[in-house]
Amino acid sequence: MNIQLISKNKLKVTLSCEDLKGLGISYDSLDYSDPHTKEVLLHILGKAKSQAGFSPGRQKLFIQVYPSSQNGCVIYFTPLFDKNPTIRRYRVKHTIGEPAIYRFSQVDTVIDASVKLFRQMGHRVYKSSLYRLGQNYYLAIYPLDGPRGKTAGFLSEYAPLAGRGSLFVSYLEEHGRVIVENRAIDILSYYLS
């Protein structure tokens, strides 16, 4: 666990794959509504206070979590200073880990797009899954370069964007059939290129 005080009001914690296993969590299982995740975050904040002097007091914290290389993650903690507690403004922000789902009508197009995506931009995709629902195939990718990055532009040449977000993926998992989970473009490229 690498704890780094970026500024007086911003803390960066880098967790390796081994750190996550030791804490009993993974990047995919992090959910602030989960009691175990809350417990882990409080444990990390306790270490940050003793090692780096980070103490947000009674302020609410804005917590950002991003995947990092080798199945680790990076967590940023930033206190929210409430100047006017009666007025709250919220902004919806696309996160790096948000899935983008593309709809294909033919499996050959899915394979062609997956092979070319893996060869050219495989390093930009955190994970990918392939589903079948009705007569269509759905490729869900988690692009590291965001929803408007090069990965999304590349795939839009092969198929239309069917939707975004984990709710759509949950729908596909419930009503469709999983063909390849988590490593779809890697596996399709390996076996079918």
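Right above here is the structure, for reference.
Keep in mind that this is a model prediction, so the values were computed, not measured.

1. Structural notes on the pattern of salt bridges
Line of reasoning, step 1. Considering all chains together, one arrives at 1 salt bridge under this definition.
Line of reasoning, step 2. Asp112 is the partner of Lys116 in a salt bridge, and the nearest nitrogen-oxygen pair spans 3.6 Å. Placement of both Lys116 and Asp112 in helix 3 (residues 107–121) is noted, with a separation of 4 residues, approximately one turn of the helix.

2. Considering the sheet that holds strand 8 (residues 161–164)
Line of reasoning, step 1. Pairing within the open sheet is antiparallel, and its 5 strands lie in the order 8-5-7-6-9. A single partner strand is all that each edge strand has here, and the edge strands are strand 8 and strand 9 (177–180). Neighbour-to-neighbour, the strand axes of this sheet turn through a mean angle of 30°, independent of strand direction.
Line of reasoning, step 2. Alignment of strand 5 (residues 100–104) against strand 7 (residues 136–143), held across 5 bridges, turns out to be antiparallel. Within strand 7, the position partnered with Phe104 by the bridge is Tyr137.
Line of reasoning, step 3. Helix 5 (residues 166–175) contacts strand 5, strand 6 (125–133), strand 7, strand 8 and strand 9 of the sheet and is inclined by roughly 40° relative to strand 6.
Line of reasoning, step 4. Its contacts with the sheet put helix 6 (residues 184–192) on strand 6, strand 7 and strand 9, and the angle it makes with strand 6 is roughly 80°.

3. Observations concerning helix 6
Line of reasoning, step 1. Along helix 6, the residues that are buried comprise Ala184, Ile185, Leu188 and Ser189. Buried residues in helix 6, looked at end-on, bunch into an arc of 120°, giving them a common side. Residues Tyr190 and Tyr191 are exposed on helix 6 and point more than 90 degrees away from its buried face.
Line of reasoning, step 2. Structurally, helix 6 contributes buried residues whose contacts are with helix 3, strand 6, strand 7 and strand 9.

4. A closer look at the packing of aromatic side chains
Line of reasoning, step 1. Within this structure, the stated rule accounts for 5 aromatic pairs.
Line of reasoning, step 2. Ring geometry for Phe154 versus Tyr158: centroids 5.6 Å apart, planes at 45°, classification tilted.
Line of reasoning, step 3. You can call Phe154 buried: its relative accessible area is 9%.
Line of reasoning, step 4. You can call Tyr158 partly exposed: its relative accessible area is 24%.
Line of reasoning, step 5. Judged by centre distance (4.8 Å) and plane angle (90°), the ring pair of Tyr190 and Tyr191 falls under edge-to-face.
Line of reasoning, step 6. Owing to a relative accessible area of 61%, Tyr191 belongs among the exposed residues under this scheme.
Line of reasoning, step 7. Over the ring of Tyr142 we find Lys127; its NZ or CZ atom is 4.9 Å from the centre of that ring.

5. A few points about a nonpolar patch on the surface
Line of reasoning, step 1. Residues Tyr190, Tyr191 and Leu192 make up a contiguous nonpolar surface patch of about 420 Å² in total accessible area.
Line of reasoning, step 2. By the element assignment, Leu192 lies in helix 6.
Line of reasoning, step 3. The class for Leu192 is partly exposed, based on a relative accessible area of 46%.

6. Thoughts on the side chain of Ser189
Line of reasoning, step 1. Turning to its location among the elements, Ser189 is positioned in helix 6.
Line of reasoning, step 2. At 3.3 Å, the side chain of Ser189 forms a polar contact with the backbone oxygen of Ser114.
Line of reasoning, step 3. Side-chain polar atoms of Ser189 contact the backbone oxygen of Ile185, separated by 2.8 Å.
Line of reasoning, step 4. In this structure, Ser189 is in contact with Ser114, Val115 and Phe118, ignoring residues within four places of it in sequence.

So, how was this worked out
- Sequence order as written defines the numbering, with residues in each chain counted from 1.
- In keeping with the predicted nature of the model, local features appear solely for residues at pLDDT of at least 70, side-chain atom pairs appear and are counted solely at 80 or more, and the whole-chain, interface and lining totals rest on all residues.
- Each side-chain value is derived from all of the structure's non-hydrogen atoms; neither hydrogens nor water enter the calculation.
- A pairing counts as a salt bridge when a side-chain nitrogen of Lys or Arg comes within 4 Å of a carboxyl oxygen of Asp or Glu.
- Starting at the N terminus, helices and strands are each numbered in turn, a helix being any DSSP run of H or I of at least four residues and a strand any DSSP run of E of at least two.
- When DSSP finds two or more bridges between a pair of strands, those strands are recorded as paired.
- Axis definition: a line fitted to C-alpha atoms, over the contacting stretch in the case of helices. Angles run 0 to 180 degrees between N-to-C directions.
- Two residues qualify as a contact provided that any one of their heavy atoms is within 4.5 Å of a heavy atom in the partner residue.
- Note on exposure labels: buried denotes an accessible area under 20% of the residue type's maximum, exposed denotes more than 50%, and partly exposed covers the range between, all computed with a 1.4 Å probe on protein chains only.
- Comment: arc refers to directions from the helix axis out to C-beta atoms.
- The pairing test for Phe, Tyr and Trp rings, Trp by its six-membered ring, is centres within 6.5 Å, and the orientation test on the planes gives stacked under 30 degrees, edge-to-face over 60, and tilted for anything in between.
- Cation placement over rings: the criterion is NZ of Lys or CZ of Arg within 6 Å of the ring centroid and within 35° of the ring normal.
- Here the term patch refers to residues with relative accessible area over 30% and no salt bridge, with like charges joined within 9 Å and nonpolar side chains (Val, Leu, Ile, Met, Phe, Trp, Tyr) within 5 Å.
- Residue burial considers only the protein chains on display, and all accessible areas are found by Shrake-Rupley using a 1.4 Å probe.
- Here a polar contact is taken to be a pair of N or O atoms separated by no more than 3.5 Å, where protein atoms must pair a possible hydrogen donor with a possible acceptor and residues adjacent in sequence count only if both atoms sit in side chains.

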